[in-house]
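Examining the three-dimensional arrangement
These are the residues of each chain, in order.
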Amino acid sequence: MDPGYPAGDIAPIAILMDELRSEDVQLRLNAIHSLPTIALALGPERARDELVPFLQDSVDDEDEVLLALAEELGRNFEEYIGGGEYAHHLLGPLENLSAVEETLVRDKAAESITKVAAVLSQAQIEEYYIPLLKRLSSGEWFTSRTSAAALYPPVYAKVSPAIQEDLRKGYAAIGSDDTPMVRRAAAKWLGPLVKNFSKQHVLSDGLPIYRRLQSDDQDSVRLLTVEGLITIAQQMSPGEVKEQLLKQIRHSIADKSWRVRYMAAQHFNELAEAVGVELVREELIGQYVQLLKDNEAEVRTAAAGQIPGFSKLLDKEVILARIVPCVRDLSQDNSQHVRAALANQISGLAPLLGKDSTTEHLLPLFLHLLKDEFPEVRLNIISKLETVNGVIGIELLSESLLPAIVELAEDKSWRVRQAIIEYIPLLANQLGKPFFDEQLGNLCMSWLGDTVFSIREAATVNLKKLTEVFGVEWSKVAIVPKVMGMGQHPNYLYRMTTVQAITVIAPSLTLEIIRNDILEPLLALAKDAIPNIRFNVAKSLEVLAATFSKAPDGLDLVQNKIVPVLEAMKNDSDADVRYFAARALQKGIGASA
């Protein structure tokens, strides 16, 4: 759209009307996305008087188009109709969109109304927004009443006390609506609304609404009250929580629906912090243990994710007496997802328990989880070893856990060996260079001679990652001599591994190391008796040429050393060697020319 129409020109609105009547949905969508341009062309006054009323009548369309309209009106659209003092004009079309059947459109419309409310003055809110809210709250269809719930929190703090009282009554009516969908919305938005209540109104109005929703016969409503419970508890003293909310806390945690218990488990740390230390010790420890032992794996998984956070609120003796036995049970859980969640969090207990208790109680569990058949469990344990290392020290860690890692590294199942290889760079990063060289260096090199190709391949990638962790100088001393030494091995598989390892590692190394330590032995392998090795040398030379020929020194090395060998290989007796030599000259050398 050209924004340069003369003020009196009707063209923009006419074109928009035509496009919105088009049978092509994409054309209608494009028209909606061009609304800001059309509004600019019309000018603020005509945008208010013609465009907005037209949009108000344009709600009979595909959901996709309505969603785009709801979104567009919330993108500071008031700037195109004269600024904040006229923003209330946008409430009309958005009100209509808030009552449509499609949930996504209603949610987006409510979100846009909230954005518009942010720029409205108190007078505008009381004159235009509050009547809209009342109309939606008492709408005949549940769709409008559902949308209304989201619209109470944004304006509650901006209106007079008398209107605030009306809003509290209106919200209470939504909270006891006949339709479960409306009650769900009331439960969802109760927390944000109660945050704006004074202490007195939390007790007189917020609590009754919460209690009504918390005892709802629909679990889809009850599960959404957990966040409201936390917000209400945050605004009360510990004594008031104990007196007013303890019964509801117990009900939520022991709810007959696993979905409600899952929500309680997922938000347990927030709840514990909101109710205060005294109630945690008196009441919540038992409730938490109950969740850790729940019948449903999903609930145990959510509860396991809260272990370190909740344990921070407890004394060490209590953790050892109440939490650690549950952790022990969870490490043997039938569900791999529970064990994975536990493995991800268990290391967080180490700083709370200290060196001796960690060694006695947690290390055996680490060892057990490290041997788990499910890869995610093993990964979660290895990825969090740094925390444990900080508590018990590297010596103790290596004495206890390293034998298990070495055992897995030599497991008869190649998939287990492969999984451990993939974790080695992570371990190396956490344990440091000296420890790695002493304990794991030889292990990493031994994988290069594994009987399974996938292991040898993973081992070469592992060496590249280790080079990135410890640096090129370390690689020059620790990796390169051993890799190049395998190039002299009588077994051709070892010689092949040397070539493949160079191909993978070379881009991470410096030109100096390539020139001094790698190139001559590699070029010697170009004359190997095995064709497979010769054509892999050609592939490796292609990588070297492409990587190092961008610098003048590198280009010189490529032209003088690599090109003559590749030219000779083009005349090889084996067709594959000739092909890869030609390709290396074309791609590796051609790219640098």
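Per an unreviewed UniProt entry, the protein goes by the name TOG domain-containing protein and belongs to Piloderma croceum.

1. Remarks on the overall build of the protein
When helices and strands are counted, the protein shows 40 helices and zero strands. Relative to the compact-globule value of 25 Å for 593 residues, the protein shows a C-alpha radius of gyration of 34 Å, a clear excess of over 25%. In terms of principal-axis extent, the alpha carbons of the protein reach across some 90 × 75 × 35 Å. Of all 593 residues assigned to the protein, the portion counted as buried reaches 52%. Of the contacts made within the protein by residues no fewer than 6 positions apart, 68% connect residues no fewer than 24 positions apart. Counting every atom, the protein has about 26100 Å² of accessible surface; 50% of that belongs to carbon and sulfur. Across the protein, the 60 positively charged side chains and the 81 negatively charged ones have centroids separated by 6 Å.

2. Some points on the environment of I130
Locating I130 in the fold gives a position in helix α8 (residues 122-137). You can call I130 buried: its relative accessible area is 5%. Between the C-alpha atom of I130 and that of L519, which follows or precedes it by 389 residues, the distance is 79 Å. Those residues in contact with I130 that sit more than four places away from it in its chain are I125, V155, V159, I163 and L167.

3. Focus: the packing of aromatic side chains
In the structure shown here, the tally under the stated rule is eight aromatic pairs. Aromatic pair F268 and F310: ring centres 5.2 Å apart, planes at 75°, arrangement edge-to-face. Taken together, the residues span a long stretch of sequence, with F268 in helix α19 (residues 268-275) and F310 in helix α22 (residues 307-311) at a distance of 42 residues. Per residue, the accessibility class of F268 equals that of F310, and both read buried. Judged by centre distance (4.9 Å) and plane angle (65°), the rings of F470 and W474 are edge-to-face. Grouping residues by exposure puts F470 and W474 together as buried. An aromatic cluster is defined as three or more aromatic residues linked by ring pairs; in this entry it consists of F268, Y288 and F310.

4. Some words on the pattern of salt bridges
One side chain can pair with another of opposite charge once the charged atoms of both are near each other. Scanning all chains against the criterion turns up 22 salt bridges. When the shortest N-O distance is used, the salt bridge between R339 and D372 registers 2.5 Å. Highlighted residues: R339 in helix α24 (residues 336-345) and D372 in the loop between α25 (350-370) and α26 (375-383), separated in sequence by 33 residues. For R339, a relative accessible area of 8% corresponds to the buried category. Shared partners join several salt bridges into a network, and the residues in it are R183, R212, D216 and D217.

5. Quick notes on the packing of helix α12 (residues 180-194) against helix α13 (residues 199-214)
When two helices pack together, you describe them by how their axes are tilted relative to each other and by the distance separating the axes. Between α12 and α13, the least distance of the axes is 10 Å, while the angle of their chain directions is 150°. Classed by the angle they form, the pair α12 and α13 counts as roughly antiparallel. In this structure, α12 meets α13 at a crossing whose hand is left-handed. Only V202, G206, I209, Y210, R212 and L213 of α13 make contact with α12, whose side of the interface consists of R183, A186, A187, L190 and V194. Residue composition of the contact of α12 with α13, grouped by class: eight nonpolar, one polar and two charged.

6. A short note on the environment of K355
Assignment of secondary structure puts K355 in helix α25. Taking the relative accessible area as the measure of exposure, K355 reaches 46% and is therefore partly exposed. When near neighbours in sequence (up to four residues on either side) are disregarded, K355 contacts V391, I392 and L396.

7. Here's the deal with the packing of helix α38 (residues 531-548) against helix α39 (residues 552-569)
Here α38 crosses α39 at 155°, and the two axes come no closer than 10 Å. Comparing the axis directions of α38 and α39 gives the class roughly antiparallel. Every pair of crossing elements has a handedness; the one defined by α38 and α39 is left-handed. Along the contact surface, α38 presents R534, A538, L541, L544, A545 and F548, while α39 presents G554, L555, V558, I562, V565, L566 and M569. Across the contact of α38 with α39, the residue classes tally to eleven nonpolar, one polar and one charged.

The rules behind the values
- Residues numbered from 1 in each chain as written.
- Predicted model: local features only at pLDDT ≥ 70, side-chain atom pairs only at ≥ 80, totals over all residues.
- Heavy atoms only, no water.
- Helix = DSSP H or I, 4+ residues; strand = E, 2+ residues; numbered from the N terminus.
- Rg over C-alpha atoms; globule rule 2.2 N^0.38 Å.
- Buried < 20%, exposed > 50% of the residue type's maximum accessible area, 1.4 Å probe, protein only.
- Contact = heavy atoms within 4.5 Å.
- Areas by Shrake-Rupley, 256 points an atom, 1.4 Å probe, with all protein chains shown as cover.
- Lys, Arg positive; Asp, Glu negative; His and termini not counted.
- Charge placed at Lys NZ, Arg CZ, Asp CG, Glu CD.
- Phe/Tyr/Trp six-rings, centres within 6.5 Å; stacked < 30°, edge-to-face > 60°.
- Salt bridge = Lys/Arg side-chain N within 4 Å of Asp/Glu carboxyl O.
- Axes fitted to C-alpha atoms, helices over the stretch in contact; angles between N-to-C directions.
- Parallel < 35°, antiparallel > 145°, perpendicular 65-115°, else oblique.
- Left-handed = near helix turned anticlockwise from the far one by under 90°.
- Nonpolar A, V, L, I, M, F, W, Y, C, P; charged D, E, K, R; others polar.

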